[in-house]
Amino acid sequence: MKESVRRYLADIGRRGGIRSRRTLTPEQAQAMVASREAKRAVREFEQSAIGTPTSDLPGVEIVRAGLRDLAGQQHSVDALLVSMAAPRLRRLGIRVPVGVPHPEDALFVLLEQQHGQAAHSRYNALVRRMVSFSRAAATMGRQHA
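Worth saying up front: this structure is predicted, and the values here are computed from it rather than measured. (Residues numbered from 1 in each chain as written. Predicted model: local features only at pLDDT ≥ 70, side-chain atom pairs only at ≥ 80, totals over all residues. Heavy atoms only, no water.)

Residue-level account of the overall build of the chain, with values.
Looking only at helices and strands, the chain has six helices and zero strands in total. What you see in the chain, going N to C, is helices and strands ordered as α-α-α-α-α-α. Sorting the 145 residues of the chain into buried and exposed places 33% on the buried side. A sequence separation of at least 24 residues applies to 55% of the contacts in the chain between residues at least 6 apart. Working note: accessible area of the chain is about 9,600 Å², and carbon and sulfur atoms make up 53% of it. (Helix = DSSP H or I, 4+ residues; strand = E, 2+ residues; numbered from the N terminus. Buried < 20%, exposed > 50% of the residue type's maximum accessible area, 1.4 Å probe, protein only. Contact = heavy atoms within 4.5 Å. Areas by Shrake-Rupley, 256 points an atom, 1.4 Å probe, with all protein chains shown as cover.)

Lay out the packing of aromatic side chains with the relevant residues and their values.
In total, this model carries one aromatic pair according to the counting rule given. Seen from their ring centres, Phe108 and Tyr123 are 5.9 Å apart, and the 70° between their planes marks the pair as edge-to-face. Taken together, the residues span a long stretch of sequence, with Phe108 in helix H5 (residues 103-115) and Tyr123 in helix H6 (residues 119-144) at a distance of 15 residues. Phe108 gets classed as partly exposed once you look at its relative accessible area, which sits at 28%. (Phe/Tyr/Trp six-rings, centres within 6.5 Å; stacked < 30°, edge-to-face > 60°.)

I'd like a description of helix H4 (residues 77-91), backed by residues and values.
With 15 residues, H4 should cover 21 Å at 1.5 Å per step; its first-to-last C-alpha distance of 22 Å lies within 8% of that length. Where H4 bends most, at Ala85, the angle is about 65°, and the proline Pro87 comes one to four residues later. The complete set of buried residues in H4 reads Val77, Ala79, Leu80, Leu81, Val82, Ser83, Ala85, Ala86 and Leu89. Where H4 ends, the next residue or the one after it, Gly93, has phi of about 95°, a positive value. (Expected span 1.5 Å × (residues − 1). Bend = angle between axes of the 7 residues up to and from the residue.)

So what's going on with helix H3 (residues 60-71)? Residues and values would help.
A rise of 1.5 Å per residue sets the reference length of H3, with its 12 residues, at 16 Å; its end C-alpha atoms lie 17 Å apart and thus fit the reference within 8%. Most of H3 is tucked away, with 10 of its 12 residues classed as buried. Downstream of H3 by a residue or two, Gln73 has a phi angle that is positive, lying close to 55°.

So what's going on with the nonpolar core? Which residues, and what values?
Among the nonpolar cores identified, the biggest contains 33 residues, and Phe45, Leu57, Leu67, Leu89, Val96 and Phe133 are the most heavily contacted of them. Those elements that provide at least two residues to this core are helix H2 (26-47), H3, H4, H5 and H6. When sequence neighbours within four positions are dropped, the list of residues in contact with Leu67 reads Val42, Phe45, Val82, Ile94, Arg95, Val96 and Pro97. (Core = buried A, V, L, I, M, F, W, Y, C linked by side-chain atoms within 4.5 Å.)

Could you give an account of the environment of Ala136, naming the residues involved and the relevant values?
Mapping Ala136 onto the fold places it in helix H6. Not counting residues within four places of it along the chain, the set of residues in contact with Ala136 comprises Leu57 and Pro58.

Help me get a handle on the side chain of Ser76, residues and values and all.
Tracing the backbone through its elements, the reader meets Ser76 in the loop between H3 and H4. Within the local environment of Ser76, its side chain forms a polar contact with the side chain of Asp69, the two groups lying 2.4 Å apart. Excluding its chain neighbours within four sequence positions, the residues that come into contact with Ser76 are Asp69 and Leu110. (Polar contact = N/O pair within 3.5 Å; in protein donor to acceptor, adjacent residues only side chain to side chain.)

Have a look at this one:
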């Protein structure tokens, strides 16, 4: 390629880059990074032995859906359960995105809206399911170590 053409294209590219540059606030930049990290956590989980579709661990479907919902910044029942269990899941080696503040309260409110007076028993059943998942995943991890 001729040198004059190369300089011309480089100049156009430089001007276009300067014009199209956007400025992000620190909050926007943090949100973008959090979203990218959340999506990466979902991919890593789905590629792990625990997160495969053939995994028969109790509650794996909750964790899978919860991680996806957290990546999409949705506050679903699954996302709130994963947020509640985040410390234990992280100890198991599962990357959990930053969740919802006070997920226990938010989960109970959401279940109360959906199930009325049965919210308390539903809450307890879901928490037991997450505990079952954590225990089974810990056992699975010890077997593969």
